[in-house]
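# Fold and geometry: a report
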Amino acid sequence: MRVLIVGSGAREHTLAWKLSRAAGVDEIYVAPGNPGMAGVAEVVGIAADAIVELAEFAASLKIDLTVVGPELPLVLGIADEFARRGLPIVGPSRAGAEVEGSKAFTKELCLRCGIPTARGTVVRDRREAAAAAASLGVPVVFKADGLAAGKGVVVCRTAEEVDAALVRFFEERAFGAAAERVVVEECLAGEEVSFQVLTDGTTVVPLATARDYKRLLDGDTGPNTGGMGAVSPAALPADVAAAILRDIVQPALAELAREGRSYRGVLYAGVMVTADGPKLLEFNCRLGDPETQAVLPRLDGDLLPLLRAAALGELAGLRATWKREATACVVLASAGYPGSSRRGEAITGVADALALPGVLVFQAGTALEDGQLVTAGGRVLSVVGQGATLADALAAAYAGVERIHFEGMQFRRDIGRSLA
Ligand code: AMP
Ligand code: GLY
């Protein structure tokens, strides 16, 4: 079987690595990929958002299954483009991907279906936003409606911060067209969990739970990032997991189906477990990054049959089983990340890290210059440790991190610490 993976991050490297071990996979292509994936896949020079070109490539090579990593191609309609050509693909239609493409859509969907979420409203201008913030009181959260690479969420803890947010969203227009609509909602307190399911639109197969570390610095301080680390499992009580499935995931998928929004792929619920039970913070229409790097190594058995069944609408009767062992992922990022970051720094020690027991290294922002692996900005590597317990997994991951070096390397030293 020929598989195409769309994307170029450590999430996609993990998918390629896991699929390369599956029975029945003969060839793996990845577009646009990165140098780290060359060991397990053939790298194809097509951008992840060039959806027509990707569909033409998949048709010409008779690709049997395409798996989409990032949200942008999904929001642009890659699944529709493939469906038109009869090409199986894991990822929701453009209409389904609106759960991530529009936070206003999701907020209204939650209100319509009684899905527990932060109290809030969708506003269009400064006056409405100020009124919504005043009625909710501080702390309050402002969210740009559209895709903003994880940067369109601002938590305001004081009246001054509300004023500053009003200026940023409505005068400076810092988020451009993504903030034509803005969600203003109450700030929730609790533990965050990443709850992901694979679905064919009808049957739901929960993936292992994970916890993501979004802030740049230790102690959950500093700016929000794409994610600086993850652990799996997430220490989520079974009754809370059941409540997330019953009260958040199932009603959302039922409503999407009722509205004719085809959804065959991963639905990721970012959930705050509050004193009043789990509440939805956001949906993503794809696997989390770095959650995937922590979750997929724990999958017992092949990934291919599950993904194929999701794409073909044949998930009924299938389930995923997970190893009891824990995993921890530590992200190594370039100097300057999440702002504009440095590139071209030589990376050393990856092979040494990979030689350690229980250590995996997945690449993201890397490039090859005259045969030398160098940084290409942003999040550079995901170092994953596997172990019988979370403490063992963390020890393995950080032993791997110690072997690796590049100038300006940033990482958190407290991933998983509160759970281990
Ligand atoms: P989102 O992209 O909506 O998940 O927001 C990014 C991050 O901001 C989340 O992972 C949370 O840590 C935080 N966040 C978003 N919405 C809220 C909220 N209503 N209350 C507290 N924290 C939030
Ligand atoms: N780690 C959060 C995300 O993938 O959106």
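Refer to the structure presented above.
Residues numbered from 1 in each chain as written. Chains lettered and ligands numbered in written order. Predicted model: local features only at pLDDT ≥ 70, side-chain atom pairs only at ≥ 80, totals over all residues. Heavy atoms only, no water.

### Thoughts on the pairing of strand S7 (residues 140-144)
In terms of burial, S7 is a largely internal element, five of the five residues being buried. In this sheet, strand S8 (residues 153-156) lies alongside S7 in antiparallel orientation, the contact comprising four bridges. From the neighbouring strand, Phe142 faces S8, where its bridge partner is Val154. Bridge analysis of S7 against strand S9 (residues 182-186) gives five bridges, and the strand direction is antiparallel. (Buried < 20%, exposed > 50% of the residue type's maximum accessible area, 1.4 Å probe, protein only. Helix = DSSP H or I, 4+ residues; strand = E, 2+ residues; numbered from the N terminus. Pairing = 2+ DSSP bridges.)

### As for the packing of aromatic side chains
All told, the structure shown has five aromatic pairs when counted by the stated rule. Residues Tyr29 and Phe57 carry aromatic rings whose centres are separated by 5.8 Å and whose planes lie at 75 degrees to one another, so their mutual orientation is edge-to-face. Here Tyr29, found in strand S2 (residues 27-32), pairs with Phe57, found in helix H2 (residues 51-60); they are 28 residues apart in sequence, far enough to count as distant. Assigned by exposure class, Tyr29 and Phe57 land together as buried. Look at Phe169 and Phe175: their rings are 4.8 Å apart centre to centre, the planes differ by 45 degrees, and that puts the pair in the tilted class. For Phe169, a relative accessible area of 0% gives the class buried. Look at Phe175 and you get buried, because its relative accessible area is 13%. (Phe/Tyr/Trp six-rings, centres within 6.5 Å; stacked < 30°, edge-to-face > 60°.)

### Points about the site of ligand 1
Ligand 1 sits among 14 residues. The nearest are Glu185, Glu186, Leu188, Glu192 and Glu282. Isolated, ligand 1 exposes 460 Å² of accessible area, and the fraction of that covered by the protein chains is 90%. Put simply, the parts of the chain that give the shell around ligand 1 at least two residues each are S7, S9 and strand S17 (277-284). (Near = heavy atom within 4 Å. Areas by Shrake-Rupley, 256 points an atom, 1.4 Å probe, with all protein chains shown as cover.)

### Digging into the pairing of strand S4 (residues 65-68)
Covered by surrounding structure in S4 are Leu65 and Val67 together with Thr66 and Val68, the residues of both alternating faces. When strand S1 (residues 2-7) meets S4, the two strands line up parallel, connected through four bridges. For Ile5, the partnering residue across the bridge sits in S4 and is Val67. Relative to strand S5 (residues 89-90), S4 runs parallel, the two being bridged by two bridges. The residue bridging Val67 from the neighbouring strand is Val90, located in S5.

### Describing the pattern of salt bridges
Enumeration over the complete set of coordinates arrives at 26 salt bridges. The residue Arg286 makes a salt bridge to Glu71 at a minimum N-O spacing of 3.0 Å. Remark: Glu71 occurs in helix H3 (residues 71-76) and Arg286 occurs in the loop between S17 and helix H10 (291-295); sequence separation between them is 215 residues. Each member of the pair Arg286 and Glu71 is classed as buried. (Salt bridge = Lys/Arg side-chain N within 4 Å of Asp/Glu carboxyl O.)

Everything listed here is a matter of geometry and, on its own, says nothing about what the molecule does.
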